[in-house]
Amino acid sequence: MKKYFLALCTTIIACHAFGQSEKTYQIDAGKIKAHVQPNMYGIFFEDINMAGDGGVYAELVKNRSFEFKEPLMGWTEINKDGVDGSILVLNRGEANSNNPRFIHVTSTSAKGYGLSNEGFRGMGVKKGNQYHFSVLAKTESKGLSLQIELLNAKGDVIGNTAVLPSSKEWKKYTASFTAAETDPKASLKVLLKGIGAVDLDMISLFPQDTWKQRPGGLRADLVQKLDDMKPGFLRFPGGCIVEGRELDTRYQWKRTIGDVANRRMIINRWNTEFAHRSTPDYYQSFGLGFLEYFEIAEDIGASPLPIINCGMACQFNTCELVPVNQLGPYVQDALDLIEFANGPVNTKWGKKRTELGHPKPFNLKMLGVGNEQWGPQYIERYKIFEKAIHAKYPQIKLVSSLGPFPGGDIFNSANKTFRKLGASILDEHYYNSPEWFMKNVKRYDNYDRKGPKIFAGEYAAQSVVTGSPENKNTWKCAMAEAAFMTGLERNADVVTMASYAPLFAHVEGWQWTPDLIWFDSLNSYGTPNYYVQQLYSLNKGTDVVPLTLNNEAVSGQDSCFASATIDNNTHELIIKIVNAGKQEQKAQFVVNGAAPGGQATLTVMKSDDLNVVNSLTEPLTISPQKSKIEVDKNLVKLNMKPYSFNVIRVSITK
Ligand code: AHR
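Draft legend 1. Region of interest: the pairing of strand β22 (residues 453–461). The buried count for β22 comes to 8 of 9 residues, which makes it a mostly enclosed element. The pairing of strand β21 (residues 425–432) with β22 spans 8 bridges and is parallel. Its bridge partner lying in β22, aspartate 427 is registered against phenylalanine 455. Alignment of β22 against strand β23 (residues 495–500), held across 4 bridges, turns out to be parallel. When the bridges of β23 are listed, tyrosine 459 appears paired with tyrosine 500. With respect to chirality, the unit in which β22 leads through helix α9 (residues 475–490) into the neighbouring parallel β23 is right-handed.

As structure tokens, then:
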């Protein structure tokens, strides 16, 4: 009796000291539960929402080689000063089946005649920045010049240059100029001056300020956002784009390397996917191809994770299948890709990589066989790939798909089969409500610790419902993902990789929402979801340690979700806790097994408004804010704001 009375008094005193709602969480910093893989938090890239062409690929000219179904889409004929001329679309056919079309421009006056290009929802150009124009041309005429003009949205010239085509054979001509103004909606005029005719192809304009200033490269602001995440891996090129609507439009990596003029342009499968977001001018030029993907991964320190087509077109569309006895070329593509990435320079594909300027291997360790496939046809094809790949490259880890949903018959059957087959990495996808994410935070608590590892390969909380154009990147969704990710982290021995999807979206050219990073022709912003991903990646630590409330993992009690890791490199304890409730809550973390010291750094994302979003004009409305908090002996105290995600880093000595 006396014992209970004393306990009651202690509780009352504690409540007075810290407030009624204070919760005491226990952390055992000396007890390692799991190692966190250094590449746990990564990126999923797919050319959806104009992520590639019109997005990170910095080409400003749309339909530069006239290979769109409508050969002059994106182009407007200009009758300068009312002078006549003509444009013919010609087809080389067999002579260049990768890039058959070009235009034949005839000018009948010395004043000039030609065409202009609108760019991808306008060309974003910056004052003082240099722009590099190039074109393939041939002509039988003498004394012609191509006048190149950059126009602002009002039609004023804000940059110009000229090239003088003179060769009877196809030849590349280049010229540069500086833009006198910034404009998100500029356009490019190409005028033929003089009387005569010229053949033109691959009309191109790139900014100088690409990522790492690479000619014909990528948009620096967008790659910077990826780099800022310090991602552990880069999954590419998708996504359903790997599969194609039909096999003809599947992703074929060998067609995406080498001279850009020979990379065969095809329709983007997202061009027609959603009637309500139809994007008739969405094609894949493959200027961003497999060498570029490997290079970005290398640049930003991410392990490359290519996904290859396994002889199946998208199962939400045609589900066109390659008969298993004709899978040979598909399997060979996979084997050759591994050689392209890792092979010494004296191998066929290692030599190719070297010729393309990258003798150093890319250290490929993982490969996805199929994107979001399912069913017996997938298993049948997967086994053929697995056998061939592991016969030659036993060390390559294969990623196997568990289909599009996180449960149900498709999932359960694939899960069972791949576990029996001893698969290495299972790719789970979940696009679901924020409530689902919070309810499923314990999803991995009881997974088989000795079975395959889990790759949470595509996930995003949907504010309305999957596929709805009304979905927004709200704080509610991001907070739910932060809560769910405490469950991924607590189970880092099972879940070894995770990536939000999709990654990029053009504000005027998207098909799918929500997305991690939004952009227009000049600017970009990270969503609240982006900052959540970034906080996890920058604060992953090296080892998971227990963080409990009443001896249980913190997985929704009082609307709180938490996990803790230590970082053996920096000697810090890292606490992540989400308060998904509308009340402020007081928490104290009792640290055992190591001594915390000094001040702790607190990084908070919060808002009282769960529907708030970031935007191009207000990009940081929901973003991490840093402050310091005091540490009292082995206690770290925190006032958790309503609807907040809190990350605490504190030094520890063992
Ligand atoms: O992320 C968008 C799409 O969702 C991906 O292409 C596909 O894998 C999934 O269905």
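Draft legend 2. Representation of the sheet that holds β22 within the structure. Strand order in the open sheet formed by 8 strands is β3-β15-β18-β19-β20-β21-β22-β23, and the pairing between neighbours is parallel. Edge positions in the open sheet fall to β3 (43–44) and β23, since each of these has one partner strand only. Note that strand β20 (residues 397–401) and β21 share 3 bridges and pair parallel. Note on β21: the bridge partner recorded for serine 401 is aspartate 427. Here helix α7 (residues 408–420) sits on the sheet and contacts β20, β21 and β22; the angle it forms with β21, its principal contact strand, is near 165 degrees. The sheet contacts of α9 involve β21, β22 and β23, and relative to β22 the element is tilted by about 170 degrees.

Draft legend 3. Fine view of the environment of valine 464. Turning to its location among the elements, valine 464 is positioned in the loop between β22 and α9. For valine 464, a relative accessible area of 49% corresponds to the partly exposed category. Sequence spacing of valine 464 and serine 433 is 31 residues, and the spatial spacing of their C-alpha atoms is 7.3 Å. Not counting residues within four places of it along the chain, the set of residues in contact with valine 464 comprises Glu470 and Asn471.

Draft legend 4. Here's a closer look at the state of the cysteines. Counted according to the given criterion, the structure contains 0 disulfides. Here cysteine 240 stays unpaired: no disulfide links it, and the sulfur of cysteine 314, its closest cysteine neighbor, is 4.0 Å away.

Draft legend 5. Representation of the pattern of salt bridges within the structure. The tally for this structure, following the rule as stated, stands at 31 salt bridges. Residue glutamate 458 is joined to arginine 235 by a salt bridge in which the shortest nitrogen-to-oxygen separation is 3.9 Å. Residue glutamate 458 is found in strand β22, and its partner arginine 235 is found in strand β15 (residues 233–236); the two are separated by 223 residues along the sequence. The exposure classification of glutamate 458 matches that of arginine 235, with both residues buried. Taken together, the salt bridges that share partners define one network made up of Lys62, Glu118, Arg121 and Asp281.

Draft legend 6. Quick peek at the packing of helix α4 (residues 328–342) against helix α5 (residues 348–355). Packing of α4 against α5 leaves a shortest axis separation of 7 Å and a crossing angle of 50 degrees. In terms of orientation, α4 lies oblique with respect to α5. The interaxial crossing formed by α4 with α5 has right-handed handedness. Together, Asp336, Glu339, Phe340, Ala341 and Asn342 of α4 and Lys348, Trp349, Gly350, Lys352 and Arg353 of α5 make up the contact between the two elements. A per-class count over the contact of α4 with α5 returns 3 nonpolar, 2 polar and 5 charged.

Draft legend 7. Fine view of the site of the ligand. All residues in the neighbourhood of the ligand are listed as Glu46, Gly239, Cys240, Trp270, Asn371, Glu372, Tyr431, Glu458, Pro502 and Trp512. Cysteine 240 has a polar backbone atom sitting 2.8 Å from an oxygen atom of the ligand. With respect to the ligand, the side chain of tyrosine 431 contributes an N or O atom lying 2.8 Å from an oxygen atom. Across the complex, the protein chains shield 96% of the 280 Å² of accessible surface that the ligand would expose by itself. Taken together, the residues that form the shell around the ligand break down as 5 nonpolar, 2 polar and 3 charged.

Draft legend 8. Just the sheet that holds strand β28 (residues 547–549), in detail. With mixed pairing, 6 strands are arranged side by side in an open sheet as β29-β28-β1-β32-β36-β35. This sheet does not close on itself; its edge strands, each paired only once, are β29 (552–553) and β35 (631–632). As judged from the 2 bridges shared by β35 and strand β36 (residues 635–640), these two strands associate in the antiparallel manner. Bridging across to β36, valine 631 finds its partner in valine 636.

The rules behind the values
Residues numbered from 1 in each chain as written. Predicted model: local features only at pLDDT ≥ 70, side-chain atom pairs only at ≥ 80, totals over all residues. Heavy atoms only, no water. Buried < 20%, exposed > 50% of the residue type's maximum accessible area, 1.4 Å probe, protein only. Helix = DSSP H or I, 4+ residues; strand = E, 2+ residues; numbered from the N terminus. Pairing = 2+ DSSP bridges. Right-handed = clockwise from strand over helix to strand, strands pointing away. Contact = heavy atoms within 4.5 Å. Axes fitted to C-alpha atoms, helices over the stretch in contact; angles between N-to-C directions. Disulfide = S-S within 2.5 Å. Salt bridge = Lys/Arg side-chain N within 4 Å of Asp/Glu carboxyl O. Parallel < 35°, antiparallel > 145°, perpendicular 65-115°, else oblique. Left-handed = near helix turned anticlockwise from the far one by under 90°. Nonpolar A, V, L, I, M, F, W, Y, C, P; charged D, E, K, R; others polar. Near = heavy atom within 4 Å. Polar contact = N/O pair within 3.5 Å; in protein donor to acceptor, adjacent residues only side chain to side chain. Areas by Shrake-Rupley, 256 points an atom, 1.4 Å probe, with all protein chains shown as cover.

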